[in-house]
Amino acid sequence: MKKINNILMSIVHILEKIIAAILMVVVVIAVVYLVLDIVNGVKAGFDSEFIKTILSDTLNIIIVIEFIRVLIKHTMGTVVEVLIFALARGLIVVNETIWEMAITIVAIAVLLACRKFLFLDDDLKKVTNRKTDK
């Protein structure tokens, strides 16, 4: 039974890597389209809707990149970072009521507090090492 579990886990890890590779190709294509949109926007002139669209697309790409990191590295730090980026995107791009914005800000604060106070030392070292590797 343990051997079957190991085989299934190996298959799951391989599928995660395949999905991450496919998403990376999609991110590269999205970045190309984003650059083309920016170039066309510069030619046509900036307006607030254009900036909002570019910001939304950029944050979506960042969220997908972070999600790819979650698929590759299975740490709580990467999961929390994806959630923070997703909430921040909603806060920046989506027009919400004051109460929805307040709830989003509290949710981000809770995630940051969890990251600071509830992570194990190993999790913090992994997150710190990843940021210093750049």
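Let me sum up the structure you'll find in this document. (Residues numbered from 1 in each chain as written. Predicted model: local features only at pLDDT ≥ 70, side-chain atom pairs only at ≥ 80, totals over all residues. Heavy atoms only, no water.)

**What to know about the overall build of the protein chain**
Across its full length, the protein chain holds five helices and zero strands. The N-to-C order of helical and strand elements in the protein chain reads α-α-α-α-α. Counting over 134 residues, the protein chain shows a buried share of 25%. When contacts within the protein chain are restricted to residue pairs at least 6 apart in sequence, long-range pairs at least 24 apart make up 62% of them. Surface exposure of the protein chain reaches about 9,500 Å², of which carbon and sulfur atoms provide 74%. (Helix = DSSP H or I, 4+ residues; strand = E, 2+ residues; numbered from the N terminus. Buried < 20%, exposed > 50% of the residue type's maximum accessible area, 1.4 Å probe, protein only. Contact = heavy atoms within 4.5 Å. Areas by Shrake-Rupley, 256 points an atom, 1.4 Å probe, with all protein chains shown as cover.)

**Here's the deal with the nonpolar core**
Among soluble globular proteins, nonpolar side chains are generally buried collectively. Counting eight residues, the largest nonpolar core is built from Ala-20, Val-27, Leu-34, Phe-50, Ile-54, Ile-61, Ile-68 and Leu-71. Listing elements by their share of this core, those giving two or more residues are helix 1 (2-44) and helix 2 (48-72). Per-element accounting of this core gives the leading share, five residues, to helix 2. Residues within four places of Ala-20 in sequence aside, it is in contact with Ile-68, Leu-71 and Ile-72. (Core = buried A, V, L, I, M, F, W, Y, C linked by side-chain atoms within 4.5 Å.)

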